[in-house]
Amino acid sequence: MGGINALDVYKLLPKTNCKKCGMLCMQFAVELLKGTKQPEDCPPILEPKNAQNLEKLRAITEPLKQATETGIVLNEDACDGCGICVIACPVNPRFSLECLSGKAPDLPLPKGIIYALEDGKCKIKSIEECRRYTPPRTNCRVCEIYCPRYAIEIKT
Amino acid sequence: MSVETKNRMTCTGCALLCDDISVDVQLGKILAVHNACLRGSKKILPSGAKPLLNAPLVGGKGASFDDALAEAARILKGARKVVIAGGTHVTNEAIAGLVNLATKIGASLAVPDFDVHQQLTTSIKKNGIEFFTLGEAVNNADLIVFWAANPVDLAPKLLVRTVFARGRYRQSGKEVKKLAVIDDYPSPTMERADIKILVDDQNHAGVLDSMSSGLAGQKVSDPLTNDLVEAFKTSEYCTLFVGEGILNRQFLHGHPGFLDGLLRFVRASNEKRRVALLPLFYSWNAAGVLHELASAAGNFECFDVLDLPSHVEDGDVILAFGSDIVSKCAGNAALAASGVPVIAVDFKRTPTTDAARVVLPPSISGIESGGTATRLDGTSLVLRTPLQEPDGKKSDAEILAELLGRA
Ligand code: SF4
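Rules behind the numbers
- Residues numbered from 1 in each chain as written.
- Chains lettered and ligands numbered in written order.
- Predicted model: local features only at pLDDT ≥ 70, side-chain atom pairs only at ≥ 80, totals over all residues.
- Heavy atoms only, no water.
- Near = heavy atom within 4 Å.
- Nonpolar A, V, L, I, M, F, W, Y, C, P; charged D, E, K, R; others polar.
- Domains from an automatic or database assignment.
- Core = buried A, V, L, I, M, F, W, Y, C linked by side-chain atoms within 4.5 Å.
- Buried < 20%, exposed > 50% of the residue type's maximum accessible area, 1.4 Å probe, protein only.
- Helix = DSSP H or I, 4+ residues; strand = E, 2+ residues; numbered from the N terminus.
- Contact = heavy atoms within 4.5 Å.
- Salt bridge = Lys/Arg side-chain N within 4 Å of Asp/Glu carboxyl O.
- pLDDT = per-residue confidence, 0-100.
- Buried area = accessible area lost by both parts, 1.4 Å probe.
- Polar contact = N/O pair within 3.5 Å; in protein donor to acceptor, adjacent residues only side chain to side chain.
- Pairing = 2+ DSSP bridges.

**What about the site of the ligand?**
Residues and elements named next belong to chain B. As a matter of local geometry, the ligand sits amid 13 residues, with Cys11, Cys14, Cys18, Cys37 and Lys157 nearest to it. Here the residues of the shell around the ligand sort into 9 nonpolar, 2 polar and 2 charged. Each of domain 1 (4-44) and domain 3 (117-279) accounts for three or more of the residues forming the shell around the ligand.

Pasting the structure below:
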């Protein structure tokens, strides 16, 4: 399920913008990914002709409902400390401007930094700031998508 | 005693010279390294390094610096012709010293990849190509191409310092920068690239031809090459890293004309968009050697370090400066046994230091002693070091200055 984005979800919705859920279809897709709406909140998707798409939507959103943790698994043996997770993670630059320019922050690490490199290996520092963890939860997979060593896996 | 954290140290693990490294130090020992990749951490952490040499040796026995320098000077003075090997693993100051020494005593310089540098320099002059800086790759580039270059293995943080960094005109970083990789094997750099071109049978020239005709408006049959041509057409600023896969003597000798063709292609592409090129060499101060040689060209004979065995005649002397020449070129194992006197300047034990008549271990540049080095894009950086130089040790530049004074 790696790399599902709002557009993928939108394609499975009726795309009529009927607003029966209270919003436009694209907005509803975003809320589904955040976990603040469920597929059943869209009345037209419950119609029999949309049964297949409803199944697919449930397959996407079900794991997010259960995701009390981020589901990130780090394989330190595979990591060679390229630092892509540190810089690509959209949360890290919120806590360290250096990350914007491709450099790592000075120590002591700013509070909130999720990924940092220690002795050449990537370490998770503040998992509670991960976008998969804090509400509204999103199905962010940036670190997993870009790791060239496949050292990051998201299990949910 | 508490642990002190030193920020913004420089890593000399590769030519990227990352300057955002933090190091925990206690009682003159490095305890932990932050922000460096595995390669860099192994270089900085004491446990990761090769066996270190702490004191000079003369004839395999411990000696004072003064005695070892005197013996080295005596050997240099008695030589008909000295060959100085190395230069890519020492500071800019030491490289300048090597050049001065070579000029003063009429020595030759054996430089790693020298014939590649020579071909590259000639081609670049002929074709009028510009290099780019890392800053341009961060701020301006929207297409970053690695041709036969695999930074994930060899300069692991290069991708974050170019493709993933958010820049002045590329504020969403990777989202607006395309990464393309052309290589003859599926490298880890290719793994997550947007455009991957796997070259058959080292046929890089075939890819170059297709791209040239594609940019000239002709149809490109291979869909992946076509994707790259389209990316070129729509890009505003393309930075092209050219790597060791096509910048090595075997490839260049086997494919004469390829380098010129590539540079002509870059020049032609520049008519509609900006395309700049940067050769990638990974030894931490390879760029420093290039710069020094460019300014001192013509003053002395220079050749590739691999050709060293054919340049050494009986009675000559080799000064191996930060270079393990015995392991580097197969013919040199015989050379080591042949009795040609070797003076080795290296902080780690290698087959070359084992074979040397005199060993002068310098302090470790970038860890114990500073100076400057040249990053892969030609920017000179000051080496900020986490440790102080141990008492009684000398930096590579100081050892050279002493040799220069005595020889
Ligand atoms: S990429 Fe090179 S310079 Fe940077 S931390 Fe790794 S080895 Fe050191």
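Now that the structure has been shown, we can carry on.
**What to know about the nonpolar core**
Within the largest apolar cluster, 66 residues are counted, with the highest numbers of intra-cluster contacts made by Tyr115 of chain A together with Ile21 and Phe146 of chain B. Among the elements that take part in this core, helix 4 (residues 84-88) of chain A stands out by supplying 5 residues, more than any other. When residues no more than four places from it in sequence are discounted, the contact partners of Tyr115 of chain A are Ile72, Leu74, Cys85, Val86, Cys89, Asn92, Cys122, Lys123, Ile124, Cys143 and Ile152 of chain A. Grouped together as the second largest cluster of nonpolar side chains are 38 residues, Val207, Leu208, Ile246 and Leu247 of chain B included.

**Observations regarding the pattern of salt bridges**
Residue and element names in this part refer to chain B. A complete count under the given rule lists 31 salt bridges over all chains for this structure. When the shortest N-O distance is used, the salt bridge between Lys126 and Asp260 registers 2.5 Å. Highlighted residues: Lys126 in helix 4 (residues 114-127) and Asp260 in helix 11 (residues 258-269), separated in sequence by 134 residues. The class for Lys126 is exposed, based on a relative accessible area of 55%. Given the relative accessible area of 16%, Asp260 is considered buried. For Lys348, the salt bridge identified is with Asp346, shortest N-O distance 3.7 Å. You can call Lys348 partly exposed: its relative accessible area is 23%. Salt bridges sharing partners connect three or more residues here, namely Asp66, Lys394, Glu402 and Arg406.

**Brief notes about the confidence of the model for chain B**
Here chain B averages 91 in pLDDT, while 96% of its residues score no lower than 70. Predicted complex, confidence summary: ipTM 0.91, pTM 0.86.

**Concerning the environment of Ala268 of chain B**
All names here are of chain B. Tracing the backbone shows Ala268 in helix 11. Ala268 gets classed as partly exposed once you look at its relative accessible area, which sits at 43%. Considering only alpha carbons, one finds Ala268 and Ala216, 52 residues apart in sequence, at a separation of 9.6 Å.

**Brief notes about the interface of chain B and chain A**
Taken residue by residue, the interface counts 30 residues in chain B and 33 residues in chain A. In total, about 2700 Å² of surface goes out of reach between chain B and chain A, with carbon and sulfur atoms giving 52% of it. By the criterion of area lost to chain A, the three top residues of chain B are Asn35, Arg166 and Arg192 of chain B, representing 27% of everything that side buries. The interface formed by chain B and chain A contains 4 salt bridges. Between Arg149 of chain A and Asp153 of chain B there is a salt bridge whose closest N-O contact spans 2.4 Å. Across the chain B-chain A interface, the total number found is 16 residue pairs in polar contact (both at pLDDT 80 or more). Of all the elements in the fold, those that place two or more residues in the side of chain B that touches chain A are strand 1 (4-9), strand 2 (21-26), strand 3 (29-34), helix 1 (38-44), helix 6 (151-154) and helix 7 (188-191) of chain B. Across the side of chain B that touches chain A, the residue classes tally to 13 nonpolar, 6 polar and 11 charged.

**Some details on the pairing of strand 2 of chain B**
All names here are of chain B. Most of strand 2 sits inside the fold, with 5 of its 6 residues counted as buried. Alignment of strand 1 against strand 2, held across 4 bridges, turns out to be antiparallel. What sits directly across from Glu4, in strand 2, is Val25. Across 5 bridges, the pairing between strand 2 and strand 3 is antiparallel. In the strand pairing of strand 3, Asp24 is matched with Ala32. In sequence, strand 2 turns back onto strand 3 through a hairpin of 2 residues, with Leu27 there showing a positive phi of about 50 degrees.

**With respect to the domain arrangement of chain A**
Along its sequence, chain A is organised into domain 1 (6-66) and domain 2 (72-154). For domain 1 of chain A versus domain 2 of chain A, the distance between C-alpha centres works out to 30 Å.

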